[in-house]
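Listed below are the residues making up each chain.
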Amino acid sequence: MMSKKSLSDWEKLAERELKASPATLVHEHGDGLAAKPLYTAEDLSGVAHLDSLPGFAPFTRGPRATMYAGRPWTIRQYAGFSTAEESNAFFHKGLAGGVKGLSVAFDLATHRGYDSDHPRVAGDVGKAGVAIDSVEDMKILFAGIPLQEMSVSMTMNGAVIPILASFIVAGEEQGVKAEQLSGTIQNDILKEFMVRNTYIYPPQASMRIVSDIIAFTAKEMPKFNSISISGYHMQEAGATLVQELAFTLADGREYVRAALARGLDVDEFAPRLSFFFAIGMNFFAEAAKLRAARLLWHRIMSEFKPKKAESLMLRTHCQTSGVSLQEQDPYNNIVRTAYEALAAALGGTQSLHTNSFDEAIALPTEFSARIARNTQLILQHETGITDVIDPLAGSYYVESLTQQLADKAWALIEEIEAQGGMTKAVESGLPKRRIEEAATLKQAMVDKGETVIVGVNKYRLEQEEKLATREVDNAAVRAAQIQRLEDTKRRRDGAAVKETLAALKAAARSAEGNVLAAALPAVRARATLGEISDALREVFGDHAASPQVVHDVYGQAYDKDPEYQQIRARVAALSVSAKGKPRVLVAKLGQDGHDRGAKVIASAFGDIGFEVVAGPLFQTPQEAAALAIAEKVHVVGVSSLAAGHKTLLPQLVEALRAAGASHIHVVCGGVVPRQDYEFLQERGVAAVFGPGTHVLEAAGSVLDLIEGRRRNS
């Protein structure tokens, strides 16, 4: 143990070297964690888990005794390239290249329970994932892939019933029984109400679906994980690491309670619960987060008195951060992903997906996907990190950080408990509001340069190389999907479809029925995803969130900044001369529920002095145009993250023009490839703000548009 005198000597020496007291160098991360310049054995005095071993409670050092020394983590590749045929080809290439598990990304129409021929999803089909309209698509997706041997992870929450039922039936028709299927269905609906927003039904009905799936899989699918409790999308939406950890584990506790309320024994289902965390650029904190997660989950599960040790273990999949990927100087993203993958491995993940470097711009190409896959292969085979179990154990810093994360997260978990649990907290809006405040503060720190992003707000290239990207022909994909839908409906027994859908509705109405079990006959009869989702909508209803915007977060962070004050003065002057504040509608078009960018812009613009109208999620271009006209806005700002901009934005411009409202400017921000800027501008979009755009720069450009319109009118 270091003596008080030697520590004091170090402080004096450090002060001479640094010309400042070491105490003033404590770094406050944007995620609410403090890091000192020096850690010693003194920092371990309050750490309770130091004597633990891998495979033993509280599992801080890993859920398995041998961890990677016995078997490395599973390398997964997340894919969904518009059509089932393309995605199937990608899966086969990945398996040949060393991938050991498959992860499926679905398009937004599928997530939201719409068939590809639905008029609301014209711009979403095949974008950001694979379109699945019936079991026929699912069979093509897994053609030639032995489902009795391959672990399959499916990121699905809203339309989870038809998707999981289609997977089971696709296995049946491949000759694989349900009990032979292995993998994971995300099935984490509470997170959807907080951040991701690909929900369909209200919270209570959605929790019923979650518990039905847990009950069915516990009895019929012993090798399948019934739920993947996801913090990933929370961090992507702007949550701090403490919030991600606390809200994810609180979600897990709520799902356990829901399953117990169905009469299940905790040991029937708890060993098949899994987790899913994001891994960002706060390297040591991300590794410590996974260690703290296992510690806290053991504490939570001990409340339910399971008899099996497996019921107390947290097992997790991880994915490198999507939000840390940058459009500018995108090859830097290869380096970011490698560091994040290393953090996940040092934290003890059970499986890992590494993002491709071009995903901030478009769907990954085969070239970028191969680099992402090889990042993991190099980690496993060339670095030596699989030789030693939990190599960070005993580090003064990492052990102290693990305890700090655990303590802060537990305090937040207790706050959720005081609200009556996570379902009640979600209904009150508390977690969503906290995450949006954190996201807005993070954006302010990036804009001010206090958080450095290489190639974005520092060390930026004067000239960017053009990057070859993958583009999906949305119209062609949708036409092909509609054709297959029509063929399926023509060949099926219509009476059997009606009968099975009626039985599904009866099961949904009954407290005794299991909706997953009831959906299987409907899928076998070739009922479509949209028909099954609509049958459940008829019973459960639709959930519609009311958009809320946080205030005084961005403004407080920027309070005395000269550029911020200058923009505020311009807005104030315009408000006086125009006899009213400049009005902006922040809109989300199509079925994309990622609203971090939209909420940050709405919050920041409000603090700057604009009158902001926060549009609801899932609008059609025509609905957004009608709202813009009714609210008498000067500008519609569309946040686009799901590659539907080339379809939806021209439709919005045309809808405004057709209504005689061409005076309303349309601007766009988000994930838009540079080569699409000219396309959009030729079709009437006034400005495009790509990833990494400074909020104040965007505000100045919007003001220029409004002032220019006034001068010319």
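Along each chain, residues carry numbers from 1 onward, in the same order as the chain's sequence is written. Whole-chain, interface and lining totals are the exception, using all residues; otherwise, since this is a predicted model, local features are given only for residues with pLDDT of at least 70 and side-chain atom pairs are given and counted only at 80 or more. As a rule here, side-chain values cover all heavy atoms of the structure and leave hydrogens and water aside.

**Q** Explain the overall build of the protein chain here, please?
**A** Helical segments are the DSSP runs of H or I of at least four residues, strand segments are the runs of E of at least two, and each set is numbered from the N terminus. Each helix and strand in the protein chain was counted, giving 28 helices and 16 strands. The dimensions of the protein chain, computed from C-alpha atoms along their principal axes, are 80 × 70 × 50 Å. Burial classification: accessible surface area is computed with a 1.4 Å probe over protein chains only, and a residue below 20% of its type maximum counts as buried, one above 50% as exposed, and the rest as partly exposed. Counting all 713 residues of the protein chain, 60% fall into the buried class. Residue contacts follow a heavy-atom distance rule, with two residues in contact if any of their heavy atoms lie within 4.5 Å. Nonlocal contacts in the protein chain, meaning residues at least 24 apart in sequence, comprise 79% of its contacts between residues at least 6 apart. The Shrake-Rupley method, run with a 1.4 Å probe, gives the accessible areas here. Residue values count only the displayed protein chains as cover. When the accessible area of the protein chain is evaluated, it comes to approximately 27600 Å², of which 53% is carbon and sulfur surface. Considering the protein chain, the positive charge centre built from 77 side chains and the negative charge centre built from 86 side chains are found 1 Å apart. Here the positive residues are Lys and Arg and the negative ones are Asp and Glu; neither His nor the chain ends is included. Each charge is placed at NZ for Lys, CZ for Arg, CG for Asp and CD for Glu.

**Q** Would you explain the environment of S428 in this entry?
**A** You can see S428 is positioned in helix 16 (residues 422-428). Expressed as a C-alpha distance, the spacing of S428 and V633, which sit 205 residues apart in the sequence, is 30 Å. Apart from residues lying up to four places away in sequence, S428 is in contact with Q419 and R433.

**Q** Help me understand the side chain of D358 in this model?
**A** The residue D358 is located in the loop between strand 11 (351-353) and helix 14 (366-382) in this model. Side-chain polar atoms of D358 contact the backbone nitrogen of T365, separated by 3.3 Å. Apart from residues no more than four positions distant in its own chain, D358 is found in contact with L363, P364, T365, S368 and L467. Nitrogen and oxygen atoms within 3.5 Å of one another constitute a polar contact, given that in protein one can donate a hydrogen and the other can accept it, and given that sequence-neighbouring residues count only through two side-chain atoms.

**Q** Would you explain helix 12 (residues 283-302) in this entry?
**A** Residues three or four positions apart in an α-helix share a direction because the helix packs 3.6 residues into each turn. Between its terminal C-alpha atoms helix 12 stretches 30 Å, which fits the 28 Å expected from 20 residues at 1.5 Å a residue. Where burial is concerned, most of helix 12 is hidden: 16 out of the 20 residues are buried. By this rule the span expected of a helix is its residue count minus one, scaled by 1.5 Å.

**Q** Whenever I open this one, the nonpolar core confuses me. Can you help?
**A** One broad rule of soluble globular proteins: the nonpolar side chains tend to lie buried together. With 79 residues, the main nonpolar core has L245, L249, F269, W297, L405 and M422 as its most contacted residues. Residue contributions to this core peak at 11 residues, all from helix 10 (residues 241-261). V130, M138, L164 and F540 belong to the second-largest nonpolar core, a separate cluster that totals 61 residues. Put simply, a nonpolar core is a bunch of buried Ala, Val, Leu, Ile, Met, Phe, Trp, Tyr and Cys residues held in one set by side-chain atoms that sit within 4.5 Å of each other.

**Q** Before we go on, may I ask you to explain the pattern of salt bridges in this structure?
**A** Opposite charge on two side chains lets them pair, provided their charged atoms get close. Counted as salt bridges are all cases of a side-chain nitrogen of Lys or Arg within 4 Å of a carboxyl oxygen of Asp or Glu. The final tally for this structure, using the stated rule, is 43 salt bridges. Two residues, D137 and R484, come together in a salt bridge whose shortest N-O distance is 2.4 Å. Taken together, the residues span a long stretch of sequence, with D137 in helix 5 (residues 135-141) and R484 in helix 18 (residues 474-491) at a distance of 347 residues. Take D137 and R484: they sit in the same class, and that class is buried.

**Q** What's the story with the packing of aromatic side chains in this structure? I'm lost.
**A** The relative placement of two aromatic rings is captured by the distance of their centres and the angle of their planes. Pairing of aromatic side chains requires ring centres within 6.5 Å, counting the rings of Phe and Tyr and the six-membered ring of Trp. Pairs whose planes differ by under 30 degrees are stacked, by over 60 edge-to-face, and all others tilted. Evaluated as defined, the whole model comprises 18 aromatic pairs. When the ring of F167 is compared with that of F224, the centres are 6.0 Å apart and the planes differ by 40°; the resulting orientation is tilted. Here F167, found in helix 6 (residues 160-173), pairs with F224, found in strand 7 (residues 224-225); they are 57 residues apart in sequence, far enough to count as distant. The exposure class assigned to F167 is buried, which follows from its relative accessible area of 0%. Members of the aromatic cluster, joined through ring pairs, are Y39, F283, F284 and Y397. Only lysine NZ and arginine CZ atoms are considered, and such an atom sits over a ring when it is within 6 Å of the ring centre and within 35 degrees of the ring normal. Sitting over the face of the ring of Y39, K36 holds its NZ or CZ atom 5.0 Å from the ring centroid. Taking NZ or CZ as reference, K448 lies 5.8 Å from the ring centre of Y558, over its face.

**Q** Even after reading the chapter, I still don't get the pairing of strand 8 (residues 227-230), so can you show me in this structure?
**A** The alternating pattern of strand 8 places I227 and I229 on one face and S228 and S230 on the opposite face, and all of these are buried. Between any two strands, pairing holds if DSSP finds at least two bridges. Where strand 8 lies against strand 9 (residues 273-279), four bridges are found, and the strand directions are parallel. Residue I227 lies in a different strand from strand 9, and its bridge partner there is L273.

**Q** Just to check I follow, could you spell out the sheet that holds strand 15 (residues 665-670) for this structure?
**A** Strand pairing in a sheet takes place through backbone hydrogen bonds and is either antiparallel or parallel in direction. The five strands are arranged 13-12-14-15-16 in an open sheet whose pairing can be described as parallel. Across the chains shown, the open sheet's two edge strands, defined by having one partner strand only, are strand 13 (611-614) and strand 16 (687-689). Strand-to-strand twist of the sheet, defined as the mean angle between neighbouring strand axes without regard to direction, takes the value 25°. Of the pairings in the sheet, the one linking strand 12 (residues 583-587) to strand 13 comprises four bridges and is parallel in character. Note on strand 13: the bridge partner recorded for L585 is V613. The strands touched by helix 26 (residues 645-658) within the sheet are strand 14 (635-640) and strand 15, with strand 15 carrying the most contacts at an inclination of about 160°. Every axis in this analysis is a line fitted to C-alpha atoms, fitted for helices over the stretch in contact. Angles between the N-to-C directions lie between 0 and 180 degrees.

**Q** Would you take a moment to explain the environment of V452 for this structure?
**A** Here V452 shows up in the loop between helix 17 (430-448) and helix 18. Residue classification places V452 among the partly exposed positions, given a relative accessible area of 42%. Residues in contact with V452, not counting those within four places in the same chain, are N457 and K458.

**Q** Explain helix 21 (residues 529-540) here, please?
**A** When the terminal C-alpha atoms of helix 21 are compared, their 16 Å separation across 12 residues agrees well with the 16 Å that a helix rising 1.5 Å per residue should span. Within helix 21, nine of the 12 residues are buried, which leaves the element mostly enclosed by the surrounding structure. Among the residues of helix 21, those classed as buried are L529, G530, E531, I532, S533, A535, L536, R537 and F540.

**Q** Before we go on, may I ask you to explain unusual backbone geometry in this structure?
**A** Leaving glycine out, the prevailing phi sign among residues is negative, and the prevailing peptide bond configuration is trans. Backbone torsion omega between A57 and P58 reads 0°, so that peptide bond is classified as cis. Tracing the chain through its elements places P58 in the loop between strand 2 (34-35) and helix 2 (67-70). In this structure, R526 is a non-glycine residue whose phi angle is positive, near 75°. Here R526 lies in the loop between helix 20 (515-524) and helix 21. Its relative accessible area of 13% is what places R526 among the buried residues. Of note, K579 is a non-glycine position whose phi angle comes to about 60°, a positive value. Note on placement: K579 falls in the loop between helix 23 (562-577) and strand 12.

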